[in-house]
Amino acid sequence: MQLSTKHLLGIKDLPASDISLILSTAQQFKEVLQRPIKKVPSLRDVTVVNLFYENSTRTRISFELAEKRLSADTINFTTSSSSVSKGETLLDTVHNILSMKVDMVVMRHSASGAPHFLAKHLPHTAIINAGDGINEHPTQALLDAFSIEEKIGTLEGKKIVLVGDIMHSRVALSNIYLLKKMGAEVMLSGPPTLIPNYAKEALGVQVEYNLAKALKWCDVANVLRIQLERQQQVLFSSLREYNLAYGISSKLLASINKEIVIMHPGPINRGVEIDSEVADSHQSIILQQVENGVAVRMAVLYLLSGKKGE
Ligand code: CP
């Protein structure tokens, strides 16, 4: 089987069969990563550029490691050390890099739609979206799905609540698209000012402003960071009050009388959206998410490289 797409720009237009193929391929790569020798030759002679126009810890390192585990040649680009500061456009930068015989582009950008723009101008180069503005973060949603299935089995019929700053979260949007396509039920919980009015009807999700009720309903809570850097105006009174109303604490979890799985895409703000005791507890799979990110990104790179079946 092959993917139906040449690029991974988002989950919105990705068929469920492609999602299943990526997750099953990631399972095979996860097995490779348990071996003493974790490297396979699948992407030998393939060169990948990691083009990060916005800060990243997990996604950038995870892609680079995935490329190295697949034996690809990698180049890392960050804006601070590039000629972007001299006025070079995104398209000129990428054309110059591709002229050095680069095969695939992984890109993070603060502008929503930047990878779609690149894909339009470079239809023959595989473009992978590593997070674009407040739009999508497809590999995060894929690794979240992989981690849920690993922990509690198939997504079909599972109840997942996304908690926090839904309005500014590309992780939330990609998760909603993916979970719905795979048959899960999705609920959003957070302050009304951080949940878009259109979410219920346009995205087919439930909305519950009372966090305790949302947690009682769910099997899994995926907790999101407040994206202060993307907020143009004050949308809640203070971080302290946010923590009191929407922070996940062990006291709150104890009050719901059931054990749920706690996830977070990172970076976490301890004491704001999640307390340390919860983040580091046995219910939390935050570090398993990070671990699974490498196998999931290996699967995406491999399936988009055109090397499958060679
Ligand atoms: N989850 C995530 O995208 O983290 P980074 O911003 O560190 O890549």
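Shown above is the structure to which this text applies.
I will try to describe carefully the structure that is included in this document. On a predicted model such as this, the values are computed, not experimentally measured, just so you know.

**Topic: the environment of S255**
Looking at the secondary structure, you find S255 in helix 10 (residues 250–255). Remark: the alpha-carbon pair of S255 and L9, spanning 246 residues in sequence, is separated by 40 Å. For S255, the side chain forms a polar contact with the main-chain oxygen of L252, separated by 2.6 Å.

**Section: the packing of helix 2 (residues 58–69) against helix 12 (residues 286–304)**
Contact geometry of helix 2 with helix 12 gives a least axis separation of 8 Å together with a crossing angle of 55 degrees. Classified by the angle between their axes, helix 2 and helix 12 sit oblique to one another. Judged by the sense of rotation from one axis to the other, the crossing of helix 2 with helix 12 is right-handed. Here R58, T59, S62, F63, L65, A66, E67 and R69 of helix 2 come into contact with helix 12, specifically with V290, G293, V294, R297, M298 and L301. For the contact of helix 2 with helix 12, the class distribution of residues is seven nonpolar, three polar and four charged.

**Describing the side chain of N222**
Tracing the chain through its elements places N222 in strand 8 (residues 220–223). Judged by relative accessible area, which is 1%, N222 ranks as buried. Within the structure, N222 has its side chain in polar contact with the side chain of D144 (distance 3.3 Å). Residues within four places of N222 in sequence aside, it is in contact with D144, V161, L162, V163, N175, M263, H264 and P265.

Rules of the game
- Residues numbered from 1 in each chain as written.
- Predicted model: local features only at pLDDT ≥ 70, side-chain atom pairs only at ≥ 80, totals over all residues.
- Heavy atoms only, no water.
- Helix = DSSP H or I, 4+ residues; strand = E, 2+ residues; numbered from the N terminus.
- Polar contact = N/O pair within 3.5 Å; in protein donor to acceptor, adjacent residues only side chain to side chain.
- Axes fitted to C-alpha atoms, helices over the stretch in contact; angles between N-to-C directions.
- Parallel < 35°, antiparallel > 145°, perpendicular 65-115°, else oblique.
- Left-handed = near helix turned anticlockwise from the far one by under 90°.
- Contact = heavy atoms within 4.5 Å.
- Nonpolar A, V, L, I, M, F, W, Y, C, P; charged D, E, K, R; others polar.
- Buried < 20%, exposed > 50% of the residue type's maximum accessible area, 1.4 Å probe, protein only.

Note that every value here comes from positions in space, so none of it alone points to a role or purpose.
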